2 protein chains.
Amino acid sequence: MKCLAPQQASSFYSCSSNAINMTTKEDLEAIENQISTIEVSSHGETASPVLAHGKFKTVEKGRNWGWLLSGFISLNILLLGIAIVSGSVFNKVQISSSHLLIFLILLVILTTVWMVYYKVHTSRVDRAVLYKDSHAGPVWLRSGLVLFGICSVIMDIFKIVYYAGRMDCESPVKIAFPAVQALFVIVQTYILWVHAKDCVQIQQIITRCGLMLTLSTNLMVWMTAVTEELLHQTVAPMEISSNSSSDNDHRSNVNEMQGRAEDSECKCSHNMCDVFENAYYYLYPFNIEYSLFASAMAYVMWKNVDRRMDEHHSHNLSFSPWDVLVGPVAGLIILVAGLATFVVYEVDVTKGNPKHTEEALIMHYVMNIVAILLMSITTLVGCIIFRMDKREQVSGKNPTRSLDVGLLVGASLGQFLICYFTIVAVLASGVKGNINGLNLACAILTVIQLCLQNAFLIKGLHREPYKVTETTTVFANNMAVRERDPERRSSSIVPAHTLPIPLTLFQGRLSWKRRILKEICAFLLLCNVILWIMPAFGARPQFDNTVGSDIYEFQTWAAVVNIGMPFGIFYRLHSVASLFEVCLTS
Amino acid sequence: MKCLAPQQASSFYSCSSNAINMTTKEDLEAIENQISTIEVSSHGETASPVLAHGKFKTVEKGRNWGWLLSGFISLNILLLGIAIVSGSVFNKVQISSSHLLIFLILLVILTTVWMVYYKVHTSRVDRAVLYKDSHAGPVWLRSGLVLFGICSVIMDIFKIVYYAGRMDCESPVKIAFPAVQALFVIVQTYILWVHAKDCVQIQQIITRCGLMLTLSTNLMVWMTAVTEELLHQTVAPMEISSNSSSDNDHRSNVNEMQGRAEDSECKCSHNMCDVFENAYYYLYPFNIEYSLFASAMAYVMWKNVDRRMDEHHSHNLSFSPWDVLVGPVAGLIILVAGLATFVVYEVDVTKGNPKHTEEALIMHYVMNIVAILLMSITTLVGCIIFRMDKREQVSGKNPTRSLDVGLLVGASLGQFLICYFTIVAVLASGVKGNINGLNLACAILTVIQLCLQNAFLIKGLHREPYKVTETTTVFANNMAVRERDPERRSSSIVPAHTLPIPLTLFQGRLSWKRRILKEICAFLLLCNVILWIMPAFGARPQFDNTVGSDIYEFQTWAAVVNIGMPFGIFYRLHSVASLFEVCLTS
């Protein structure tokens, strides 16, 4: 145990020369607990002469009041929000969407005010942020945030223009909300870009509550966007289906319906309303992703409040693109093929001709099956190599890594859900025809691939990064010496983090295991990129193939797809980032 | 650090006489990591003379393969189950309830087989269970399990008799499932009663997978029961509402409808069908609770696989009922008043007369408001005393405690959800009349009470139990000595668990803070009992008051209440147990 001498405790604890050199955060906490006990003692009824002097700062750990308060704030906002959203969906008279928007405007303004306050306060106080979490807010997350933030702002502008044209018949709240939201997105993107790594040390209760408010606001915005998207896709086809017999071709129906509904009730004062409405509905998915990204970052900041970093891991991980060749090339082939089929698919499907749609679907499924099969095989190989090439697991707690893994598994649930609903639907429909068979195969393979990829990434993220080991011979000598010198054994256990990882001694070239792992990561990375592009840019085979909406009611099916899909998109993007990390550390 | 000498490592590590006496699980893990690193080394390319002898057992920690595999099994079963349940609800033709039952029968049989295998295997192998988690499977949980298990078996018997009378027109699966389920409940209750505290050390991968299978099976049974209960309550009133204008009095409608539906399709071969059907629907809530209890216990066992206990906390906590007086008496008054109003309420409501129902509701709400207001005030006082009377937080990880807190907060979500839906509904309806005003007040107070009680319990469960301190003077002397003797400071840090908690020196009588805390716990405990009794034995003011089903669609409202209520019942029961623990330790 490396001896810690916090300033406050230096009179009691000093460093012992032969102490075991193995500091963990838990040791620090244990010592702090002792300090806080002594502090408590000084307030207690017993007043021993020594304890009465207690000047130690109380360090309250774990589930403290700020933690509880912020948790309850978030819980209450979210549950109240769920109730209002449900009300506005099922009862359009007493609880209108305006009520929901007023609730959101309040939340968004409160959050924006808090963020401005946070910025001002932390920049004025000296020791506000003592530590930075180097794992928090990685560059892919922050870049994604900015990208989706820009799209969200554009969406808000389109919305404002659209509702400005319909001022006479729509509530002014409908213009106010996108305006306030645009401001919120700009402020929040700036704050999260600059402060995502902060481990705040001052005003912890207020900061915790503010961060939970931010998290809840983003989740509420997300929930509202998902619901609106859902209603937009389902209510129109539902209403029209009572007139027309088939609602197979939902795209043309929706457009038709929109035109009619608007004509009947409300005239737009400029003639660009339809364009803007269509445009902002296309930008909804980006807003949904933005909210998920911001929620994840706010949560990490909340976890990092009052956190003290044990050490700054700054692995100088170098990435040399020439180490790997087969993986990237194979990945690029899949990527290009995927892009080509995606373009053809979109062109074919928008024609609205059933025969073309069928061909497009077959092509899409075949493409996906090939890609996912290859990915599954390579991931399996990767897992086997992990088992063979055992390496130390990273120790120590790290909220960012835990969240990473949690988000990865959580986000994959969306795609899992869609796959299982597809499998059950296709099996229930009797697996008639090529399309259903391919759909079934694709869904089953995706489930397998998701399991394997999750296992691969969880294992990969928990391995100690590869380090070039010059200490190996020293270690061996050290051990030999200790064998001969039994008296010294007890006092000098070798610190865990300097134990060498005996992988390869010939530097410059990679061992075959490391090389294969890097090839696999590069291949999977590019495959995940194409699996991200397809749904992110509008491919919805789940709706173009009618088996889902035939077996379940259309509303249920649309709910499953529309809730699952944003998570699926987030999952692929997150996988790309995680695979890049595993590629670097392996 | 207390020195650990695992058998395998005894040649390398022995006990140092002046090591700091503070063993945590993390230390153990760190040492095991070192051991496993050395093991890895012996397989690596470097073969130092010492390392080549490595005979140490690899201890893979954290997210190992068994952990991943069992997680994926559970995930896949649950998602497939959700898809099948959704299919059987929304599509009664291609995915019938028989398909769902076949899936459940398979799961239940598999789980039963695994449990029998587990029993046989662990009793035959010598060192299968090295440690027992004294916190796992507390007596209230196991007693609840047995009680609800008995009710579940009775329910199954009723179901078998009911479906046996309708053999000609119903699928044989409908008889097979309750028969298999009854067997499953008996085996599972026995296994969980006997083995709930096990920390299994052998066949970890199989055991983890088996436990996750058990968890998934119980959750699937729970999900099916909730869905069936939901359909039973909603489908009938929905169908009849097209004929009759009002569906206010859902109880009589349901009965009426049931009679009609059965008459039209299928005749019962004995004349007790109606009785048995009504009886088994009354037992559904117990089956739902049983599944939740069993899931919680299976999860704790899963967390405890491969766990090594640091020490056996066996606090000899004595409970003397004469320490407290005001709290229990006040609690008993509330309990008796609650029971009286509950009986009157049930009698009034079943009459079906709207005027009586209104009076019953007013009485119910007034009773609840008084109880919850008193509870909120006392809980607030308790929280203030916790802040004043600072005590060491329990350190060290404990899956059971974490789960306790998680389940407490998670289960309270059910009641939170119902409250917020009520608040929004009443506000949207314009708060007309006494009943709505009382309903609103009751819902708001319940939210406040839940927040306060959760905070109180979380804080209370995380405090070190009170210990009578004879060591206080020794400690003071010890500290004084150390002040004079700076050389010895470093080598003898006082172990954390023997640090005295300086509360009171006059034994025999309690300090006023401890006394008030005990009074508060006793009062809250009895209040939670009555708040448990009312919904558990059938009070459903949420349906008797029509505001919820008026504002939301009836189906949505029924879903919210039927999903939220079992969690609410579980929450109250769990609170009673937690309050008892806090009462003992404070």
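Each chain carries its own residue numbering, running from 1 in the written order of its sequence. By the order in which they are written, chains take letters starting at A while ligands take numbers starting at 1. In keeping with the predicted nature of the model, local features appear solely for residues at pLDDT of at least 70, side-chain atom pairs appear and are counted solely at 80 or more, and the whole-chain, interface and lining totals rest on all residues. Hydrogens and waters are ignored; side-chain quantities use all the structure's heavy atoms.

**Student:** Give a detailed account of the overall build of chain A, specifying residues and quantitative values.
**Tutor:** Helix and strand definitions here come from DSSP, where helices need a minimum of 4 consecutive H or I residues and strands a minimum of 2 consecutive E residues; each element is numbered from the N-terminal end. When helices and strands are tallied, chain A shows 17 helices and two strands. Of all 586 residues assigned to chain A, the portion counted as buried reaches 58%. Contacts in chain A between residues at least 24 apart in sequence constitute 85% of all its contacts with a sequence separation of at least 6. Only the protein chains shown count as cover for residues, and the accessible areas themselves come from Shrake-Rupley with a 1.4 Å probe. Only carbon and sulfur atoms are counted for the fraction: they give 64% of the accessible area of chain A, which is about 25000 Å². The rule is simple: take the accessible area with a 1.4 Å probe, protein chains only, and divide by the maximum for that residue type; under 20% is buried, over 50% is exposed, in between is partly exposed. Residue contacts follow a heavy-atom distance rule, with two residues in contact if any of their heavy atoms lie within 4.5 Å.

**Student:** Can you tell me about the confidence of the model for chain A, naming the residues and giving the values?
**Tutor:** Residues and elements named next belong to chain A. pLDDT is a residue-level measure of predictor confidence that goes from 0 to 100. Confidence in the prediction of chain A, expressed as mean pLDDT, is 76, and 72% of residues score 70 or more. Note that residues 1-62 has pLDDT below 50 and, in this model, 99 contacts with residues that lie over four places away or in other chains. Scored below 50 in pLDDT, residues 239-263 makes 30 contacts in the model with residues more than four places away or belonging to other chains. On the interface metric, ipTM, the complex scores 0.71, and its pTM is 0.73.

**Student:** Quick rundown of the environment of Val89(A)? Include the residues and the values.
**Tutor:** Residues and elements named next belong to chain A. Its place among the elements puts Val-89 in helix α2 (residues 65-90). Assessed through its relative accessible area of 17%, Val-89 is described here as buried. Sequence separation of Val-89 and Leu-231 is 142 residues, and the distance between their C-alpha atoms is 8.4 Å. For Val-89, the contacting residues outside a window of four places in its chain are Thr-227 and Leu-231.

**Student:** Account for unusual backbone geometry, with residues named and values stated.
**Tutor:** With the exception of glycine, most residues fall at negative phi, and the peptide bonds are largely trans. Of note in the backbone geometry, Val431(A) takes a positive phi value of approximately 50° without being a glycine. By secondary structure assignment, the location of Val431(A) is in the loop between α11 (399-429) and α12 (433-461). A positive phi angle, close to 45°, is found at Gln203(B), a residue other than glycine. Its place among the elements puts Gln203(B) in the loop between β2 (198-200) and α6 (204-241). For Gln203(B), a relative accessible area of 31% corresponds to the partly exposed category.

**Student:** Give a detailed account of the packing of helix α4 (residues 139-164) of chain A against helix α5 (residues 173-195) of chain A, specifying residues and quantitative values.
**Tutor:** Residues and elements named next belong to chain A. Contact pair α4 / α5: the axes reach a minimum separation of 8 Å and the direction vectors enclose 165°. Considered as vectors, α4 and α5 are oriented roughly antiparallel to each other. With respect to the hand of their crossing, α4 and α5 are arranged in left-handed fashion. Amino acids are sorted into nonpolar (Ala, Val, Leu, Ile, Met, Phe, Trp, Tyr, Cys and Pro), charged (Asp, Glu, Lys and Arg) and polar (every other residue, Gly among them). Of the residues that constitute the contact of α4 with α5, the class distribution is 15 nonpolar, five polar and four charged. Helix axes are fitted only over the stretch in contact, all axes being lines through C-alpha atoms; the angle between N-to-C directions runs from 0 to 180 degrees. Any angle from 65 to 115 degrees is called roughly perpendicular, while one under 35 is roughly parallel, one over 145 is roughly antiparallel, and all others are oblique. By convention the crossing between two helices is left-handed if the near helix lies anticlockwise of the far one by an angle smaller than a right angle, and right-handed if it lies clockwise.

**Student:** Outline the packing of α2(A) against helix α12 (residues 433-461) of chain B, supporting the account with residue identities and numerical values.
**Tutor:** The axes of two packed helices give the description: the angle between them and the distance between them. Look at α2(A) against α12(B): their axes get within 11 Å of each other, and the N-to-C directions meet at 150°. Comparing their axes, α12(B) and α2(A) come out roughly antiparallel. As α2(A) runs across α12(B), the sense of the crossing is right-handed. Residues Trp65(A), Leu68(A), Phe72(A) and Asn76(A) of α2(A) form the contact with α12(B), whose own contacting residues are Val447(B), Cys451(B), Asn454(B), Ala455(B), Ile458(B) and Lys459(B). Residue composition of the contact of α2(A) with α12(B), grouped by class: seven nonpolar, two polar and one charged.

**Student:** Account for the packing of aromatic side chains, with residues named and values stated.
**Tutor:** The description of an aromatic ring pair uses the distance of the two centres, along with the angle that the planes make with each other. Here a Phe, Tyr or Trp ring, Trp counted by its six-membered ring, pairs with any other such ring whose centre lies within 6.5 Å, and the pair is stacked when the planes are under 30 degrees apart, edge-to-face when over 60, and tilted otherwise. A full pass over the atoms with the stated rule returns 34 aromatic pairs over all chains. Between Tyr552(A) and Trp557(A) the ring centres are 5.9 Å apart and the planes differ by 10°, which places this aromatic pair in the stacked class. Considered together, Tyr552(A) and Trp557(A) belong to a single accessibility category, that of buried residues. What links up through ring pairs into an aromatic cluster is the set Tyr162(A), Tyr163(A), Tyr280(A), Tyr281(A) and Tyr284(A). The rule for a charge over a ring is simple: NZ of Lys or CZ of Arg within 6 Å of the ring centre, and within 35 degrees of the ring normal. Here Arg142(A) stacks its cationic end above the ring of Trp193(A), 4.8 Å away from the centre of that ring. We note Lys459(B) situated over the ring of Trp65(A); from NZ or CZ to the ring centre the distance is 5.0 Å.

**Student:** If you had to explain the side chain of His195(A) to someone new, which residues and values would you point to?
**Tutor:** Its place among the elements puts His195(A) in helix α5. Ignoring anything within four residues of it in the chain, the contact list for His195(A) reads Tyr118(A), Lys119(A), Thr122(A) and Met301(A).

**Student:** Give me the lowdown on the pattern of salt bridges, citing residues and values where you can.
**Tutor:** By definition here, a salt bridge exists when the distance from a side-chain nitrogen of Lys or Arg to a carboxyl oxygen of Asp or Glu is within 4 Å. Within this structure, the stated rule accounts for twelve salt bridges over all chains. Glu228(A) is the partner of Lys159(A) in a salt bridge, and the nearest nitrogen-oxygen pair spans 3.9 Å. With a gap of 69 residues between them, Lys159(A) in helix α4 and Glu228(A) in helix α6 (residues 204-241) connect regions that are remote in the sequence. Judged by its relative accessible area of 6%, Lys159(A) falls in the buried class. Taking the relative accessible area as the measure of exposure, Glu228(A) reaches 26% and is therefore partly exposed. Across the pair Glu170(B) and Lys174(B) runs a salt bridge whose closest N-O atoms are separated by 3.9 Å. Relative accessible area serves as the criterion here: at 23%, Glu170(B) is assigned to the partly exposed category. We classify Lys174(B) as buried; its relative accessible area is 16%. Bridged by salt links that share partners, the residues Arg166(A), Glu170(A) and Lys174(A) form one connected network.

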